[in-house]
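Listed below, chain by chain, are the residues.
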Protein chains: 2
Amino acid sequence: MTVKPGQSVRGSTTGRPIMVLFDVLGQRWTLRILWELRLERLTFRELRSQCANVSPTVLNARLKELRELNLVDHDENGYGHTGLGAELAVQLGTLDDWSQKWAKSLDTQR
Amino acid sequence: MTVKPGQSVRGSTTGRPIMVLFDVLGQRWTLRILWELRLERLTFRELRSQCANVSPTVLNARLKELRELNLVDHDENGYGHTGLGAELAVQLGTLDDWSQKWAKSLDTQR
DNA sequence: ATATATGCTACAAATAATGTAGCATCAAGG
DNA sequence: CCTTGATGCTACATTATTTGTAGCATATAT
């Protein structure tokens, strides 16, 4: 069963939304899946292919969870972000910008 | 061995910084550890306690990785963010704000 | 009826996380 | 010195998660 805000998660019984979010994002492939859907809707197989052929078992489990959390939806054009999912993806875009600065900094340090 | 930007990670051979970041953050407890260090430096035991007594095996593995990635450091006052780690933590703060909106939206939907 | 695409499920093997115990080092007090 | 308490871990068996591969069921197009 997917955990939603208000419910206990790994290491937090408060149900604080951020804890629920950490619990979801801290699973393998979740961040990547959200990222790969940022530009366009993708079918299950396309998404799987863009995610380095992640096991369909895991992909399906993540998509199910993301749908229950109203971050992703599914229609005749495949999987895509909901409004909320798109908002979250914007933040991943910010992380992308930051990560480039981070990488440069690690370089000069070496 | 910790993967750094420029190196291959799970499902990406490009070394794109964002992929490296997803690989790190997509492990259990990494987001939470960065979060718990946002206010003050903490000793290993304090941090462990704030992270619901996460296993010391995992905590140590994460801290080692975060140190190698220059996001966390360790001194006589315990563990804390580096400059870059603090920047990343700011983004987690933004996620915190968003997550509250998200939780409300999920509520009204039920 | 075949062919092709879709969204999956099954399952064994490999990898990661958990929980508990406890060790080694250090600094402070008696 | 010799405990006491704190710190930063390591060891290790158990349990949970992920991986990789195969293939099934449905739908649409030929």
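Reading guide: rules and limits
- Residues numbered from 1 in each chain as written.
- Chains lettered and ligands numbered in written order.
- Predicted model: local features only at pLDDT ≥ 70, side-chain atom pairs only at ≥ 80, totals over all residues.
- Heavy atoms only, no water.
- Helix = DSSP H or I, 4+ residues; strand = E, 2+ residues; numbered from the N terminus.
- Near = heavy atom within 4 Å.
- Polar contact = N/O pair within 3.5 Å; in protein donor to acceptor, adjacent residues only side chain to side chain.
- Nonpolar A, V, L, I, M, F, W, Y, C, P; charged D, E, K, R; others polar.
- Buried < 20%, exposed > 50% of the residue type's maximum accessible area, 1.4 Å probe, protein only.
- Lys, Arg positive; Asp, Glu negative; His and termini not counted.
- Salt bridge = Lys/Arg side-chain N within 4 Å of Asp/Glu carboxyl O.
- Contact = heavy atoms within 4.5 Å.
- Least-squares fit on C-alpha atoms with pLDDT ≥ 70 in both.
- Buried area = accessible area lost by both parts, 1.4 Å probe.
- Expected span 1.5 Å × (residues − 1).
- Arc of directions from axis to C-beta.

A. Representation of unusual backbone geometry within the structure. Unlike most non-glycine residues, N70 of chain A shows phi in positive territory, near 60°. Take N70 of chain A: it is sitting in the loop between α4 (56-68) and β1 (72-75). Even without being glycine, W29 of chain B reaches a positive phi, approximately 80°. Structurally, the position occupied by W29 of chain B is in the loop between α1 (17-25) and α2 (30-36).

B. Quick look at the protein's contact with DNA strand D. Inspection of the region around DNA strand D gives 19 residues, with R62 of chain A together with F44, R45, N60 and Y79 of chain B positioned closest. Atoms of DNA strand D within 4 Å of the protein belong to the sugar or the phosphate in 52% of instances, the rest to bases. Within the side chain of R62 of chain A, an N or O atom sits 2.8 Å from a phosphate oxygen of DNA strand D. Within the residue set of the surface near DNA strand D, elements represented by two or more residues are α4 of chain A together with α3 (44-50) and α4 (56-68) of chain B. Along the lines of polarity and charge, the residues of the surface near DNA strand D split into six nonpolar, six polar and seven charged.

C. Region of interest: the side chain of E65 of chain A. Residue and element names in this part refer to chain A. Structurally, E65 is set in helix α4. Nearest to the buried, unbridged E65 among oppositely charged side chains is R62, at 5.0 Å. Apart from residues no more than four positions distant in its own chain, E65 is found in contact with T2, V24 and Q27.

D. Quick peek at the relation of the copies chain B and chain A. Of the transformation superimposing chain B on chain A, the axial component is 0.0 Å and the angular component is 180°, with the fit at an RMSD of 0.0 Å. Seen this way, the second copy is the image of the first under a two-fold rotation axis. For chain B, the minimum C-alpha distance to the rotation axis belongs to G26 of chain B and amounts to 2.2 Å. Both copies contact each other with a shared surface, as 100% of the interface residues of chain B are interface residues in chain A too.

E. Structural context of the interface of chain B and chain A. Tallying the contact residues gives 44 residues for chain B and 45 residues for chain A. A combined buried area of about 4,300 Å² lies between chain B and chain A, and 65% of that area is made up of carbon and sulfur atoms. The largest per-residue losses of area from chain B upon contact with chain A belong to F22, W98 and W102 of chain B, which jointly make up 16% of the total buried on that side. The tally of links from chain B across to chain A stands at four salt bridges. Between E87 of chain A and K101 of chain B there is a salt bridge whose closest N-O contact spans 3.0 Å.

F. Structural view of the protein's contact with DNA strand C. Every one of the 19 residues lining DNA strand C counts as a neighbour, but F44, R45, N60 and Y79 of chain A together with R62 of chain B are closest to it. Of all DNA strand C atoms lying within 4 Å of any protein atom, the proportion belonging to sugar or phosphate reaches 49%. Side-chain polar atom of H74 of chain A to a phosphate oxygen of DNA strand C: 3.4 Å apart, as the coordinates give it. Grouping the constituent residues of the surface near DNA strand C by class yields six nonpolar, six polar and seven charged.

G. Layout of α4 of chain A. Residue and element names in this part refer to chain A. Compared with an ideal rise of 1.5 Å per residue, which puts 13 residues at 18 Å, α4 spans 18 Å between its outermost C-alpha atoms and is within 8% of the ideal. Among the residues making up α4, those that are buried are L59, R62, L63, E65 and L66. Looking down the long axis of α4, one finds its buried residues gathered within 165° of arc, a one-sided arrangement. Structurally, α4 contributes buried residues whose contacts are with α1 (17-25), α2 (30-36), α3 (44-50), β1 and β2 (78-81). Two residues or fewer after α4 comes N70, characterised by a positive phi angle close to 60°.

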